[in-house]
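Below, each chain spelled out in residue letters.
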Amino acid sequence: MDLKESLTKKQFVVTSEIQPPIEADMQELLGNIQKIRGRLDGVTVSEVELEGVVADTLGTCKILRENKFDPILQTSCREKNRLDIQSHLLKASEKGVKNILAFTADYRITGDSLQEMMFFHVDSSKLFTVVESLQEGHDVSGKEVQQKADFFVGSGIDAGWGKNVPDLELKEMEEMIKLGNGYFLTTPVFNLDEFQKFMKRVEPFGIPVIAEVILVRTAGMAHFINKYVKKGLVPPDIIQTLAKAPEKEKASIEIFTDIIKGLKDICQGVHLIPVGWEDKIPKFLDAAKL
Amino acid sequence: MIRSITRQKTPEEISGLLEPFTKIFIVGCGTCTTMARTGGQPEVVRMAKSLQEAGKEITGTMMIPVACDELTHEALEENKQAIAGADVLLIMTCAFGVQTIALHFMDKPVVPALDTLFIGKEKQPGTFDEICIQCGECVLGETGGICPVAGCHKGLVNGPCGGTDKGKCEVDAKKDCVWTLIYNKLEALGSLDVMRRYQDPKNYHVEPQPGKVLIPFEERSEEDGTQP
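Overview of the structure. In this text, all values refer to a predicted model and were calculated from it rather than measured experimentally.

This paragraph deals with the nonpolar core. Ranked by size, the top nonpolar core spans 85 residues in total, and within it Val131(A) and Ala211(A) carry the most contacts. Looking at which element gives the most residues to this core, the answer is helix α10 (residues 248-263) of chain A, with 6 residues. If near-sequence neighbours (up to four positions away) are discounted, Val131(A) is found in contact with Leu89(A), Ile100(A), Ala102(A), Phe151(A) and Val153(A). The next biggest cluster of nonpolar side chains, apart from the first, holds 26 residues, and it includes Ile26(B), Ala86(B), Ile91(B) and Leu114(B).

A few words on unusual backbone geometry. Outside of glycine, negative phi angles account for most residues, and trans bonds account for most peptide bonds. Here the bond from Gly159(B) into Pro160(B) is cis, since omega is -5 degrees, no more than 30 degrees from zero. Within the secondary structure, Pro160(B) sits in the loop between α7 (148-151) and α8 (178-188). At Ala105(A), a position not held by glycine, the phi torsion is positive, near 85 degrees. Following the sequence through the fold, Ala105(A) ends up in the loop between β4 (99-103) and α5 (124-136). Even without a glycine there, the phi angle at Val275(A) is positive, about 35 degrees. Looking at the element boundaries, Val275(A) is found in the loop between β8 (269-273) and α11 (281-287). Overall, Val275(A) belongs to the partly exposed group, with 16 C-beta atoms counted inside 10 Å.

What follows concerns the environment of Gln134(B). Residues and elements named next belong to chain B. Inspection of the secondary structure puts Gln-134 in the loop between β7 (127-130) and α7. The exposure class of Gln-134 is exposed, given the 12 C-beta atoms found within 10 Å. For the pair Gln-134 and Gly-167, spaced 33 residues apart in the sequence, the C-alpha separation amounts to 26 Å.

Further remarks concern the pairing of strand β1 (residues 13-18) of chain A. Residues and elements named next belong to chain A. For β1, the buried fraction is high: 6 of the 6 residues fall into the buried class. Pairing between β1 and β8: 4 bridges, direction parallel. In the sheet register, Ser-16 faces β8, and the bridge partner there is Leu-272.

So, about the interface of chain A and chain B. With 22 residues of chain A at the interface, the matching set in chain B holds 21 residues. When residues of the side of chain A that touches chain B are traced back to their parent elements, those giving at least two are α5, β5 (152-157) and α6 (166-178) of chain A. Ranked by residue count, the leading element in the side of chain A that touches chain B is α6(A), at 3 residues. Looking at the side of chain A that touches chain B residue by residue, the classes come out as 7 nonpolar, 6 polar and 9 charged.

How each quantity is defined
Residues numbered from 1 in each chain as written. Chains lettered and ligands numbered in written order. Predicted model: local features only at pLDDT ≥ 70, side-chain atom pairs only at ≥ 80, totals over all residues. Core = buried A, V, L, I, M, F, W, Y, C linked by C-beta atoms within 7 Å. Buried ≥ 20, exposed ≤ 12 C-beta atoms within 10 Å, placed from the backbone. Helix = DSSP H or I, 4+ residues; strand = E, 2+ residues; numbered from the N terminus. Contact = placed C-beta atoms within 7 Å. Pairing = 2+ DSSP bridges. Nonpolar A, V, L, I, M, F, W, Y, C, P; charged D, E, K, R; others polar.

Quick look at the structure:
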């Protein structure tokens, strides 16, 4: 069953992110995800890395397919101009990638590549129009491409509630749905009350929403996330629980389980961000009964 | 008024650039760099003093009223003698001034003391904001007169992105999200429908670099606008 089918047939889908390995440690990665075969509806190959260089995402997708996993290719607008985006997507289509996750990407504020130029020549809604062109069998300038692409596309959405002008928050979603977006992946969820309010607002759109959940290991990691990813993302009570816990892993699993319990009734799935804990995913899935 | 916003290079970089030279003539500018306090009279005096302390000989200094102006050539001629005694000119103007001065002397090296950052405006004393990046495809008519190309870190024309947070930017919590400003302005103007319009991808090459535009003489207006 591919991701599109799972989203229609299942009540709650589970996907996970992986970082494409930079060195030849694909075996380790495969070893880790073999353990959760059959429990994931898709594996997202991340293109955005806080610290700089990202390995070959297309090659990783190919290996995942050969090993009977359904890869979801992330593609974003920070490091690629329009030509690069099109060539990336055409290569993905050639390699049999069916799922695309389209992001604008964050502005780079940390890592070792701060002097590099960033593009953002298209944003995620325009990235959709690029995908649309390729699916119609031509590039953005109208020139025919050899093979029509066929993608199931999802995009990101900010699940923070009440932070911005409500009308603005919905505008982006409406725009993306109009352009053919198949599902939304939210920003990481920690606060279930806020997330529920967000879901109430987007329910009328009738489109699947997958909530992102980070496996936070320590209070230090939570502070890092709050500093570099998004201010105030990890709430103080979770940081405290982690700081005080004698067994960090157990505490982390409990936090995860609580979040999943809450999410099961309000959205259509969960997307795991293991950040180095790829080998521990089975434990988390077991605890949350996923 | 638009200004060329500059920042002084580090003392290490300046001393590295001046290393081969002993006798130095310093040029400041009375316009943008005076206002930005990077190349006005006080900065020129300070620079001369610190170079003297480092063992350099200062053959003279001068302030040019508007270094990018054509009159710069005349001003330089007036200081010909002091300049002739120098091995190098240290220029404390923006890059426009540096190039104007470099064109005047075929036999004298120039060294810039400043980096030119952007064309901007001093919004509050000491705070300079980039206002226009001269993209060649003005969108201000659809954004309430507030520029997202210069004002958004990502330069998005279909904003805001997911990084907007209570009206502030993901890059810096002290910076306003320009797309929230645009939204509020359009709301005040009663034209939020414009906000919902999808903008096509921008042309990033309207004017191929280096820009050169020729306005034929016959197309320039000869009228002075006083006649009905």
